[in-house]
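One letter stands for each residue in the lines below.
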Amino acid sequence: GAVVSQHPSWVICKSGTSVKIECRSLDFQATTMFWYRQFPKQSLMLMATSNEGSKATYEQGVEKDKFLINHASLTLSTLTVTSAHPEDSSFYICSARDTGQATNEKLFFGSGTQLSVL
Amino acid sequence: AQTVTQSQPEMSVQEAETVTLSCTYDTSESDYYLFWYKQPPSRQMILVIRQEAYKQQNATENRFSVNFQKAAKSFSLKISDSQLGDAAMYFCAYRYSGAGSYQLTFGKGTKLSVIP
């Protein structure tokens, strides 16, 4: 099946620094990718929809200036957590849709990134 | 807005037995997809089974099957012959099937433990 590579798998950073997380579709093109956030023992909450070549669409309550999304190519979307603070510590997961497949096809998930902000 | 509710935070099942996880959802749409995802300790999301709302027949995938009741907006997952590897968090999810709509709405999850 299709593979979505997400890096890094974990990152520890100091408060106030920025962290970039990459989501890459390895064997398919993805014009649309999604970024989710998951707190411990909770569900996945959609943060934003990343569209290749255009601005991301953010869910209500998600600060677009804090969570910068760039989808500059058909296989790569990045999420940058700017000026990270301890409350940003969470598990971030991306998913991607194979553009070449029918609309009823499934989404593919990355393996997630655990962000810990000290 | 669509909502997905999983009323069982935790469930346990004896190995080789059968367990059913519950899920209800709320939507005003008539055409949509429903999913069950498994999240093991590795936290990799794994698609277990998918149901298209326009299909009356319940989806099955080996030991996994669903009971889809569209009128009741219920979508339960049955795991037969439970195995130790089935222990994980299980999330029910909804997706509208309209063009350009691929966002998933997840329930809060059910933690399944399998007792040897």
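You'll find the structure just up there.
Residues numbered from 1 in each chain as written. Chains lettered and ligands numbered in written order. Predicted model: local features only at pLDDT ≥ 70, side-chain atom pairs only at ≥ 80, totals over all residues. Heavy atoms only, no water.

1. Looking at the sheet that holds strand S1 (residues 4-7) of chain A
Sheet strands pair by backbone hydrogen bonding; their relative direction is either parallel or antiparallel. Residue and element names in this part refer to chain A. Read across the sheet, 4 strands follow the order S1-S3-S8-S7 without closing on themselves; strand pairing throughout is antiparallel. Each end of this open sheet is capped by a strand with a single partner; those strands are S1 and strand S7 (67-73). Going from strand to strand, the sheet's axes swing by 15 degrees on average, the running direction of each strand aside. Bridging between S7 and strand S8 (residues 76-81) involves 5 bridges; their strand directions are antiparallel. Each bridged residue has a counterpart across the sheet, and for Ile69 the counterpart in S8 is Leu79. (Pairing = 2+ DSSP bridges. Helix = DSSP H or I, 4+ residues; strand = E, 2+ residues; numbered from the N terminus. Axes fitted to C-alpha atoms, helices over the stretch in contact; angles between N-to-C directions.)

2. Regarding the interface of chain B and chain A
Between chain B and chain A, the residue contacts involve 18 residues of the former and 20 residues of the latter. Here chain B packs against chain A, burying approximately 1800 Å² in sum over the two surfaces, 54% of which is carbon and sulfur. Of all residues in chain B, Arg43(B), Tyr102(B) and Phe106(B) give up the largest surface area on contact with chain A, accounting jointly for 33% of the area buried on that side. At the surface where chain B touches chain A, the tally comes to 0 salt bridges. Where chain B touches chain A, the interface holds 6 residue pairs in polar contact (both at pLDDT 80 or more). (Contact = heavy atoms within 4.5 Å. Buried area = accessible area lost by both parts, 1.4 Å probe. Salt bridge = Lys/Arg side-chain N within 4 Å of Asp/Glu carboxyl O. Polar contact = N/O pair within 3.5 Å; in protein donor to acceptor, adjacent residues only side chain to side chain.)

3. Some remarks on unusual backbone geometry
Of note, the bond from His7(A) into Pro8(A) is cis; its omega dihedral lies within 30 degrees of zero at -5 degrees. With respect to the helices and strands, the residue Pro8(A) is situated in the loop between S1 and strand S2 (10-13). In this model, Lys73(B) sits at a positive phi of 55 degrees, which is unusual for a non-glycine residue. With respect to the secondary-structure elements, Lys73(B) resides in the loop between strand S8 (64-69) and strand S9 (74-79).

4. Some thoughts on the packing of aromatic side chains
Evaluation of the coordinates by the stated rule reveals 15 aromatic pairs over all chains. Centre to centre, the rings of Phe35(B) and Tyr37(B) are 6.0 Å apart; their planes meet at 35 degrees, and the pair counts as tilted. Judged by relative accessible area, which is 1%, Phe35(B) ranks as buried. Put simply, the rings of Tyr36(A), Phe109(A), Tyr33(B), Phe35(B), Tyr37(B), Phe91(B) and Phe106(B) touch in pairs and so form one group of aromatic residues. We note Arg43(B) situated over the ring of Phe91(A); from NZ or CZ to the ring centre the distance is 3.7 Å. (Phe/Tyr/Trp six-rings, centres within 6.5 Å; stacked < 30°, edge-to-face > 60°. Buried < 20%, exposed > 50% of the residue type's maximum accessible area, 1.4 Å probe, protein only. Lys NZ or Arg CZ within 6 Å of the ring centre and 35° of its normal.)

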